Amino acid sequence: MSQVLDTPPPTQAPADDLKALAARHGLTVSGARPSLPEYIRQLWARRHFITAFATAKLTAQYSQAKLGQVWQVMTPLLNAAVYYFIFGVLLGTKRGVPDYVPFLVTGVFVWTFTQSSIQVGTRAISGNLGLVRALHFPRAALPISFCLQQLQQLLFSMAALVVILLCFGVPVSASWLLVIPALVLQFTFNAGMAMIMARMGAKTPDIAQLMPFILRTWMYVSGVMWSIDKLTAKDHLPHLVTVALETNPAAVYIDLMRFALIDSFHAKQLPPHVWAAATGWALLAGIGGFIYFWKAEETYGRG
């Protein structure tokens, strides 16, 4: 009996030995976050999935509607018609704004791109938990693909925007080529914001219920329906408010698109250093949002 009682308990292998054993046999922690360069490499390797997923989501978005893909154009146009009546006619914001209808429609289309990208980004993880838990892939592929879907929708709607511009006497000009860099910068900004909101929405799904109110407020201060240039030219606003309005990223991208497409929207109506501001916002949101999202990679789909 004494020998049994005096027998020491079996010792457990030290943690360092277990790690060495796992490393020797090529075992890694399940769901561990890869390094940032490796994560970028994995994301690039799945670029075809991102494109195909975005196209499939866009095709399915209006599959149940009788007019189908026509709603891609009709939705922003109907919004523009409502804003024209309320703000342009009733509130008189069209006074002193040349080519107000092209001015308004361009603002609505560009704003809708940012608004929709952030909205779908907020639910990119929380709304696709089945996919996240079933397959192993870089989770950033989801918010990026949703932003790509919104870009595809915008490009499809641009055909209607071109028709509206021509109908209201806006001539085709070389400045229309500026649409390309402006959209690249806006897409980078939108994707970064979508990744930020995707991480926040994965942890707190209720944020998705709050976003429509935040985005609506953001829209009202972004010059979608009115001219920021004419408001700030009256010198009745505090300097900080003027700077905030002019450097608002949504307003910056809207103004760039208006400058590119509408010949009556002159360079003097743009805020100072507008291209630098657009590039700065794109890099800040794009790179910052990507790193912020990557840091929580191993937590998505758990809990």
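Conventions and cut-offs
- Throughout this document, residue positions are counted from 1 along each chain, in the order its sequence is written.
- pLDDT decides what is reported in this predicted model: residues at 70 or higher carry local features, side-chain atom pairs at 80 or more are listed and counted, and totals for whole chains, interfaces and linings draw on all residues regardless.
- By convention in this description, side-chain values take in all heavy atoms of the structure and omit both hydrogens and water.
- UniProt positions are given in the numbering used here, feature names are shortened, and annotations may be inferred rather than shown by experiment.
- The secondary structure listing takes helices from DSSP runs of H or I that are at least 4 residues long and strands from runs of E that are at least 2 residues long, numbered from the N terminus.
- Salt bridges are defined by distance alone: a side-chain nitrogen of Lys or Arg within 4 Å of a carboxyl oxygen of Asp or Glu.
- Categorising residues by exposure relies on relative accessible area from a 1.4 Å probe, with only protein chains included: less than 20% of the type maximum marks a residue as buried, more than 50% marks it as exposed, and the intermediate range marks it as partly exposed.
- Ring pairs are drawn from Phe, Tyr and Trp, using the six-membered ring of Trp, whenever the two centres fall within 6.5 Å, and their geometry is named by plane angle: stacked under 30 degrees, edge-to-face over 60, tilted for the rest.
- The rule for a charge over a ring is simple: NZ of Lys or CZ of Arg within 6 Å of the ring centre, and within 35 degrees of the ring normal.

Under an unreviewed UniProt entry, the name given to the chain is Transport permease protein, and the organism recorded is Streptomyces misionensis. Here is the UniProt Sequence similarities (unreviewed entry) comment for the chain, exactly as written: "Belongs to the ABC-2 integral membrane protein family."

Below, the discussion takes up the UniProt feature "transmembrane region" (unreviewed entry) in the chain. In the UniProt entry, the feature "transmembrane region" (unreviewed entry) is given for residues 73-93, 100-118, 154-172, 178-198, 210-228 and 274-294. A helix fraction of 74% and a strand fraction of 0% characterise residues 154-172, whose end C-alpha atoms lie 19 Å from each other. Across residues 274-294, the secondary structure splits into 100% helix and 0% strand, with the terminal C-alpha atoms separated by 30 Å.

Okay, the pattern of salt bridges next. Inspection of the entire model under this criterion finds two salt bridges. When the shortest N-O distance is used, the salt bridge between Arg41 and Glu38 registers 2.6 Å. With Arg41 and Glu38 both in helix H3 (residues 36-45) and three residues apart, this pair spans about one turn of that helix. Taking the shortest distance from any N to any O, the salt bridge between Asp255 and Arg258 comes out at 4.0 Å. Taken together, the positions of Asp255 and Arg258, both in helix H13 (residues 249-261) and three residues apart, correspond to about one turn of that helix. Relative accessible area serves as the criterion here: at 9%, Asp255 is assigned to the buried category. According to the relative accessible area criterion, Arg258 is buried, its value standing at 1%.

Enumeration over the complete set of coordinates arrives at 11 aromatic pairs. Ring geometry for Tyr84 against Tyr100: centres 6.0 Å apart, planes inclined by 45 degrees, an arrangement best described as tilted. Here the residue Tyr84 occupies a position in helix H5 (residues 71-90), and Tyr100 occupies one in helix H6 (residues 100-122), the gap between them amounting to 16 residues. A centroid spacing of 5.6 Å and a plane angle of 45 degrees characterise the contact between Phe189 and Tyr253, whose relative ring orientation is tilted. Here the residue Phe189 occupies a position in helix H9 (residues 179-203), and Tyr253 occupies one in helix H13, the gap between them amounting to 64 residues. Its relative accessible area of 2% is what places Tyr253 among the buried residues. Each residue in the set Phe49, Phe53, Phe137 and Phe146 is aromatic and connected to the rest through ring pairs, giving one cluster. The side chain of Arg139 reaches across the aromatic face of Phe137, ending 4.8 Å from its centre. Between the NZ or CZ atom of Arg199 and the centre of the ring of Tyr292, over which it lies, the distance is 4.1 Å.

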